[in-house]
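Structure assessment
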Amino acid sequence: MNTVSLTLNEILELAKKTLLANGCDEENASILADTIMRAERDGSVSHGLFRLPAYVAGLKSKKINGKARPELENVAPSIIKVLGNNAVAPMVLSLGLPAVIDLAKKNGVAVLAIKNSHHMAALWPETEAIAEAGLVGIACTSYKPAVAPAGATKPLYGTNPISFAWPRPGKTPVVYDMATASMAMGEVQIAKREGHKVPLGTGLTKEGKETTDPGEIADGGVILPFGGYKGSSIAMMVELLAGALIGENFSFETAAKDNNDGGPPSGGEFIIAISPEKISGKGWDKHADQFFSKMSAMDGVRLPGERRHKNRLDKGPRNINEELVNKIKSLS
Ligand code: NDP
């Protein structure tokens, strides 16, 4: 693969210029470009520049409003709703996160229900921001069906990511951010191309049979949730939290309403922020740190989020797929 070396600032500017050329105003373009740059910076590359052409598709079809101004509603002492008004998720989060953090610090716990926004990003930026403020953050969102519930042979769940971030005052939070699918379809396709087998439990053939052949999954088959029926229940929980609980669509409803332009569909996100200081009182951080030290001392263990946080320390340029950069340049 040929690559082009771009500084973080060049990545930011390339993303911003492309978004401005495709219907975003300054605020929307700056906020989304910043999220894209931070994904590249952290090595969260599946959610960096790679997603830009899809955002542009959504902007071109006018499914996404690049000039949207989300609106915040205080619906109860610990519940905030943000109506996205078809904004991209980072724009909605820029309004909702400071508010949910304030409420959780005051009340001990607060929920942020996001509606009618377009999410095609990783979830760690939101949970990590909550943890940086000294709170526990949990977030999840659904998408369009790609994953079969345990026992089924057809998709119903999205890849339904969930992220959890634990605050560590004076240190980087511990964060995980993961799809509840056994494997992304993109990775199944790579395994097919490279001739590797995938583990049993990754997916089913189009006849609904278990297989280790990625080709049989990619060509009309279906992905399974991670961890069998246990992961399936977690994926179901994400459908309910990011769907019925906040008055948003389930993945199958999202698919029925989407215009299939390749851009992220309209949907919701469930976020909760919890104050350990309020619940446990002083000392919670030292107690948790003892646990992390014990965990990290075990052979072969690393904390989730550590890979990204190490990447973040490197302020140098990043090598980006040349074909992708040329494609993005042709969009502006
Ligand atoms: P991965 O399987 O790559 O990683 C999942 C998590 O596990 C990360 O937090 C990672 O930390 C951690 N991890 C990986 N290896 C280890 C290890 N050996 N020990 C401890 N922790 C480990 O992520 P996914 O492919 O499941 O998801 C990728 C991204 O896709 C996520 O950001 C997710 O939010 C996003 N996504 C978004 C969707 C949307 O609709 N918006 C849909 C589906 C996915 P680290 O980062 O440090 O490696």
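Our subject is the structure that appears above.
A brief report on the enclosed structure follows. (Residues numbered from 1 in each chain as written. Predicted model: local features only at pLDDT ≥ 70, side-chain atom pairs only at ≥ 80, totals over all residues. Heavy atoms only, no water.)

1. Focus on the site of the ligand
This is how it is decided: Residues are labelled near a given molecule or strand when at least one of their non-hydrogen atoms is within 4 Å of it. The term polar contact refers here to a pair of N or O atoms within 3.5 Å; inside protein, the definition further demands a hydrogen-donor-capable atom paired with an acceptor-capable atom, and it admits residues adjacent in sequence only when both atoms are side-chain atoms. Throughout, the Shrake-Rupley method with a 1.4 Å probe supplies accessible areas, and for residues the shown protein chains are the sole cover considered. Every helix listed is a DSSP run of H or I at least four residues long, and every strand listed is a run of E at least two residues long, numbered separately from the N terminus.
Lining the immediate surroundings of the ligand are 19 residues, of which His47, Ala121, Asp177, Ala179 and Arg307 lie closest. Contact between the ligand and Ala121: a nitrogen atom at 2.9 Å from a main-chain N or O atom of the residue. Within the side chain of Arg302, a nitrogen or oxygen atom sits 2.9 Å from an oxygen atom of the ligand. Within the complex, the protein chains bury 69% of what would otherwise be the 940 Å² of accessible surface of the ligand. Looking at the shell around the ligand, the elements that each hand over two or more residues are strand 7 (174–178) and helix 12 (306–313). The element contributing the most residues to the shell around the ligand is strand 7, with 4 residues.

2. Considering helix 3 (residues 52–60)
To keep things clear, this is the line we draw: For every residue, the accessible area obtained with a 1.4 Å probe (protein chains only) is divided by the maximum for its type, and the residue is called buried under 20%, exposed over 50%, and partly exposed between those limits. We call two residues in contact when some of their heavy atoms are within 4.5 Å.
Of all 9 residues in helix 3, 7 are buried; the element is thus mostly enclosed. Those residues of helix 3 not exposed but buried are Leu52, Pro53, Ala54, Tyr55, Val56, Gly58 and Leu59. Looking at the buried side of helix 3, the elements it contacts are helix 1 (8–20), helix 2 (26–42), strand 3 (79–88) and helix 13 (322–329). Directly beyond the C-terminal end of helix 3, a positive phi value near 70° is found at Lys62.

3. Looking at empty space enclosed by the protein
Keep this limit in mind: Using a grid of 1 Å spacing that covers the protein atoms alone, one calls a set of points a cavity when a 1.4 Å probe fits there but cannot get out, and a pocket when the set is open and has protein on both sides within 12 Å along at least five of seven lines; lining residues are those with an atom within 4 Å of a point. Grid points are joined across faces, edges and corners, and a volume is the space filled by probe spheres set on the points. Amino acids are sorted into nonpolar (Ala, Val, Leu, Ile, Met, Phe, Trp, Tyr, Cys and Pro), charged (Asp, Glu, Lys and Arg) and polar (every other residue, Gly among them).
Across all of its chains, the model carries 2 cavities of 30 Å³ or more by this definition. Roughly 60 Å³ of internal volume is contained in the largest cavity. The residue inventory of the lining of the largest cavity, partitioned by class, reads 2 nonpolar, 8 polar and no charged. Volume-wise, the second largest cavity comes out at about 30 Å³. Considering the residues around the second largest cavity, the lining is formed by Thr35, Ala39, His47, Ala121, Ala122, Trp124 and Pro125. In the lining of the second largest cavity, the residues fall into 5 nonpolar, 2 polar and no charged.

4. Describing the sheet that holds strand 6 (residues 162–166)
For the record, the criterion: Here the rule is simple: two strands pair whenever DSSP picks up at least two bridges between them. Note on definitions: angles span 0 to 180 degrees between N-to-C directions of axes, and those axes are lines fitted to C-alpha atoms, for helices only across the stretch in contact.
Strands sit in the order 2-3-4-11-5-6-7 across an open sheet of 7 strands; the sheet is mixed. What marks the edges here is a single partner per strand, and that holds for strand 2 (71–76) and strand 7. On average, adjacent strands in this sheet sit at an angle of 15° to one another, irrespective of strand direction. Both strand 2 and strand 3 contribute to a ladder of 5 bridges, which runs antiparallel.

5. Overview of the packing of aromatic side chains
Basically, it comes down to this: Any two of the Phe, Tyr and Trp rings considered here, Trp counted by its six-membered ring, make a pair once their centres fall within 6.5 Å; the pair's planes then place it as stacked at under 30 degrees, edge-to-face at over 60, or tilted in between. By definition, being over a ring means that NZ of Lys or CZ of Arg is both within 6 Å of the ring centre and within 35 degrees of the ring normal.
One pass over the full model with this rule turns up 4 aromatic pairs. Ring centres 5.7 Å apart and planes at 25° place the aromatic pair Phe164 and Tyr176 in the stacked group. Of the two residues, Phe164 sits in strand 6 while Tyr176 sits in strand 7, which places them 12 residues apart along the sequence. Here Phe164 falls in the partly exposed class, since its relative accessible area comes to 26%. Arranged with centres 6.3 Å apart and planes meeting at 5°, the rings of Phe250 and Phe252 form a pair that is stacked. Its end group placed over the ring of Trp124, Arg308 keeps NZ or CZ at 4.0 Å from the ring centre.

6. Quick look at the pattern of salt bridges
Going by this rule: Salt bridge, as used here, is a side-chain nitrogen of Lys or Arg placed within 4 Å of a carboxyl oxygen of Asp or Glu.
Inspection of the entire model under this criterion finds 17 salt bridges. Across the salt bridge formed by Lys16 and Glu26, the nearest N and O atoms sit 2.6 Å from each other. With Lys16 in helix 1 and Glu26 in helix 2, this residue pair connects regions lying 10 residues apart in the sequence. Several salt bridges share partner residues, and in doing so they unite Arg41, Asp42, Glu128, Arg308 and Arg312 into one network.

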